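Chain residues, written in single-letter form:
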Amino acid sequence: MLFHVCLPNAQLGQGTVRSHLLSRIDLDELMKKDEPPLDFPKTLEEFEYAFNDQGQLRHIKTGEPFVFNYREDLHRWNQKRYEALGEIITQHVYELLETKCNMSKEILPIDASKDEPKSFIYLSADALTNPSKLLVLIQGNGVVRAGQWARRLIINEDMDSGSQIPFITRAMEEGYGVIVMNPNENYLEVEKPAKSSPEPSPDGSDEPAEKRERKDDKEMRKKRDFYEKYRNPQKEREVEQIPIRENSSPEEHTIYVWDKFVSKSAAKNVLIVAHSYGGLSFVELMIQREAEVKSRVRAVAMTDSVHNVWHQEAGKSILEWMQEHCCNWVSSSEPLDTPVETMLPDCPRVSAGTERHELTSWRSFHSIFKFFANALEAQDCEAKPCTSVTTRSSNRAKHEEF
């Protein structure tokens, strides 16, 4: 006689119990119910967040910083919520550029037709007419748009550390015109139409029963694994990316803005801050427009730049120019402005006073403007006799002693 023995759940392994339960439920239905809809607030007010007087993002009711893990064990949903907030932050920074910094938006391409994809940059009122000096800001690659160095800093730290606004306001106070590039706005996203699925055969009678059973078992295992790993995320919309003419990459954008705006500006002195991938874009600009850059640019402050003069095949004349006119504030545990050794023969590297890549621009803020002031002083001394002559070489040596 055969006996059926039922083991209590306590005697079953946790994984066995989970697998047993999953095999008895409708996974498709569970997948629909498990993750909340990907519908998020459209404004800071609807998110119940606001920036306080210190520029910190805080919850309106609790006063607490932004909480990423809003729903436990739903990382993907939390990430989508974070990205939705990030888009609102981007629009908020645009508003600050226009209201707080009094900058205007310039549509790209400048001859764009009504229906083609477009990008834009921001210009101060005197960006093209200031006869003395022009500051150009180039951020890194990724989700950041015009006016931002790092979106995560704006959300988790404060507006000053993550945005370009402190650079813009100080530059204006010191008499600069300002151009804010937007190198990551490279394409227009258009939602693809939904694809119609082919009708399956009613009973799958064209397959042997044993093969159908194996196939069903395999599909069930795939669903189970998918559920356990991802908590059954909802299907995202499919989009097509339509490139923006002459601005379809950060490098292309940088060259376009140089050709259409910077090179046509009245300023005899152009100074550039380039963070991360922005440094690579500048080096590419240098390669493509070497003579023009040398005649107009007085100094380039890079912050944790990812450029590589070997891979980008920069020539000897460019390397020599970069040695005299560029400085890269890199992430380092050393105190701010401490020289950092490098194997690359391009420009001096000094510590940004932080090991966090995204903070390098903010931490080197005051040093950068001091670097610019020294470069402009050296340029003035070349143009006319000075009581205390400061050459670019001595300026570089002085900088390396900070």
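Residues numbered from 1 in each chain as written. Predicted model: local features only at pLDDT ≥ 70, side-chain atom pairs only at ≥ 80, totals over all residues. Heavy atoms only, no water.

Labelled according to an unreviewed UniProt entry, the chain appears under the name ARB2 cotranscriptional regulator A, originating from Scleropages formosus.

### Observations concerning the overall build of the chain
The number of helices and strands found in the chain is 15 helices and 12 strands. Counting every position in the chain, which comprises 402 residues, the buried fraction comes to 44%. A separation threshold of at least 6 residues defines the contact pool for the chain, and within that pool the share at least 24 residues apart is 71%. Accessible surface, the chain: about 22,200 Å² in total, of which carbon and sulfur atoms supply 49%. (Helix = DSSP H or I, 4+ residues; strand = E, 2+ residues; numbered from the N terminus. Buried < 20%, exposed > 50% of the residue type's maximum accessible area, 1.4 Å probe, protein only. Contact = heavy atoms within 4.5 Å. Areas by Shrake-Rupley, 256 points an atom, 1.4 Å probe, with all protein chains shown as cover.)

### Concerning the pattern of salt bridges
A pair can form between side chains of opposite charge whenever their charged atoms are brought close. Inspection of every chain in the model, using the stated rule, returns 13 salt bridges. A salt bridge links Glu 48 to Lys 61; its shortest N-O distance comes to 3.1 Å. With Glu 48 in the loop between α3 (44-47) and β1 (49-51) and Lys 61 in the loop between β2 (57-59) and α4 (75-99), this residue pair connects regions lying 13 residues apart in the sequence. Using a relative accessible area of 28% as the deciding quantity, one classes Glu 48 as partly exposed. Relative accessible area serves as the criterion here: at 64%, Lys 61 is assigned to the exposed category. Between Arg 245 and Glu 116 there is a salt bridge whose closest N-O contact spans 2.8 Å. Placement of the pair is Arg 245 in the loop between β8 (239-243) and α9 (250-262) and Glu 116 in the loop between β3 (104-108) and β4 (119-123), with a sequence separation of 129 residues. (Salt bridge = Lys/Arg side-chain N within 4 Å of Asp/Glu carboxyl O.)

### A word on the sheet that holds strand β9 (residues 269-275)
On the basis of which strands lie adjacent, the open sheet formed by eight strands has the order β3-β4-β6-β5-β9-β10-β11-β12 and mixed pairing. Lying at the two open borders of the sheet, with one neighbouring strand each, are β3 and β12 (349-351). Pairs of neighbouring strands in the sheet enclose a mean axial angle of 20°, with direction left out of account. Across four bridges, the pairing between strand β10 (residues 297-303) and strand β11 (residues 326-330) is parallel. Counterpart to Ala 301 in the pairing with β11 is Cys 327. The sheet contacts of helix α10 (residues 277-288) involve β5 (133-138), β9, β10 and β11, and relative to β9 the element is tilted by about 135°. (Pairing = 2+ DSSP bridges. Axes fitted to C-alpha atoms, helices over the stretch in contact; angles between N-to-C directions.)

### Some words on the pairing of strand β6 (residues 177-180)
Covered by surrounding structure in β6 are Gly 177 and Ile 179 together with Val 178 and Val 180, the residues of both alternating faces. Across two bridges, β4 lies against β6 in antiparallel orientation. Following the sheet pairing, Leu 123 is matched in β6 by Ile 179. Both β5 and β6 contribute to a ladder of four bridges, which runs parallel. In the sheet register, Leu 137 faces β6, and the bridge partner there is Val 180.

### Regarding the nonpolar core
Formed by 50 residues in total, the largest nonpolar core has its most connected members in Leu 135 and Phe 372. By residue number, the principal contributor to this core is α4, which donates 10 residues. (Core = buried A, V, L, I, M, F, W, Y, C linked by side-chain atoms within 4.5 Å.)

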